[in-house]
Amino acid sequence: MSNTDQGPGSPPRQTDRWLEPGQTNALVIYVLYLASLVIGVTGIVGIVLAYINRGKAGGFVESHYTFLIRTFWIGLLYALISVVLMMLAIGFLLMFAVAVWFIARCILGLQTLQRGEPVRNPQSWFLGQ
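Counting restarts for each chain: residues are numbered from 1 in the order of the written sequence. At least 70 in pLDDT is required for a residue's local features to be given in this predicted model, at least 80 for side-chain atom pairs to be given and counted, and no such filter applies to totals for whole chains, interfaces and linings, which use all residues. Only hydrogens and water are set aside; all other atoms, that is, all heavy atoms of the structure, feed into the side-chain values.

Draft legend 1. Seen up close, the overall build of the chain. Strands are runs of DSSP state E lasting at least two residues, helices are runs of H or I lasting at least four, and both sets are numbered from the N terminus onward. Each helix and strand counted, the chain has 4 helices and 0 strands in total. Helices and strands in the chain line up, N terminus first, as α-α-α-α. Relative to its 129 residues, the chain shows a buried fraction of 36%. Computed with the Shrake-Rupley method and a 1.4 Å probe, the accessible areas treat only the protein chains shown as cover for residues. Surface exposure of the chain reaches about 7800 Å², of which carbon and sulfur atoms provide 69%. Burial classes follow relative accessibility: with a 1.4 Å probe on protein chains only, a residue under 20% of its type's maximum area counts as buried, one over 50% as exposed, and anything between as partly exposed.

Below you can see the structure in the form of structure tokens.
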């Protein structure tokens, strides 16, 4: 039997801990969101993880899941509005503002998560702080 086989008395694998609801999972979702600015599909993975784990973590992390879900949908709405307005040229400026908003929201959420605090206003349309 190799070291990778898990018998009945083996401890659970620690490599999948980031998938379980909690602080580590929320951290992964924030990173996936930031990576989505370069690799778009990671944002979809992040929103799926947030929906799967919302309501299971408990404590201060629940506010982060709500904040993450709203960040995705509000960001998508702002981006779509910016795309439509690109015909008027103002959309390019708005798209830049949406990117700055998205990055700021993720960084502020990450900092709050690392301090072990809930997001003060997870329902916010702005920065949630």
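After that view of the structure, there is still more to cover.
Draft legend 2. Layout of the packing of helix H1 (residues 23-35) against helix H2 (residues 41-53). Following both chains from N to C, one finds H1 and H2 inclined at 155°, their axes separated by 7 Å at the closest point. Between H1 and H2, the interaxial angle falls into the category roughly antiparallel. Regarding H1 and H2, the two cross each other, and that crossing is left-handed. Here H1 contributes Asn25, Ile29, Leu32, Tyr33 and Ala35 to the contact with H2, which in turn contributes Thr42, Gly43, Val45, Gly46, Ile47, Leu49, Ala50 and Asn53. Residue type decides the class: Asp, Glu, Lys and Arg count as charged, Ala, Val, Leu, Ile, Met, Phe, Trp, Tyr, Cys and Pro as nonpolar, and the leftover types, Gly among them, as polar. Looking at side-chain class alone, the contact of H1 with H2 contains 8 nonpolar, 5 polar and no charged residues. Note on geometry: axes are lines fitted to C-alpha atoms, helical ones only across the stretch in contact, with angles between N-to-C directions running from 0 to 180 degrees. Any angle that falls under 35 degrees is termed roughly parallel, while one over 145 is termed roughly antiparallel, one within 65 to 115 roughly perpendicular, and all others oblique. Should the near helix be turned anticlockwise from the far one by less than a right angle, the crossing is left-handed, and should it be turned clockwise, the crossing is right-handed. Should any heavy atoms of two residues lie within 4.5 Å, those residues are considered in contact.

Draft legend 3. Inspection of the nonpolar core at higher detail. Within the largest apolar cluster, 22 residues are counted, with the highest numbers of intra-cluster contacts made by Ile29, Tyr30, Tyr33, Tyr65 and Leu68. Put simply, the parts of the chain that give this core at least two residues each are H1, H2, helix H3 (61-85) and helix H4 (90-114). Per-element accounting of this core gives the leading share, 7 residues, to H3. Tyr30 has contacts with His64, Phe67, Leu68, Cys106, Gly109, Leu110, Leu113 and Val119, leaving out every residue within four places of it along the chain. The nonpolar core is taken to be a set of buried Ala, Val, Leu, Ile, Met, Phe, Trp, Tyr and Cys residues, with the residues joined through side-chain atoms within 4.5 Å.

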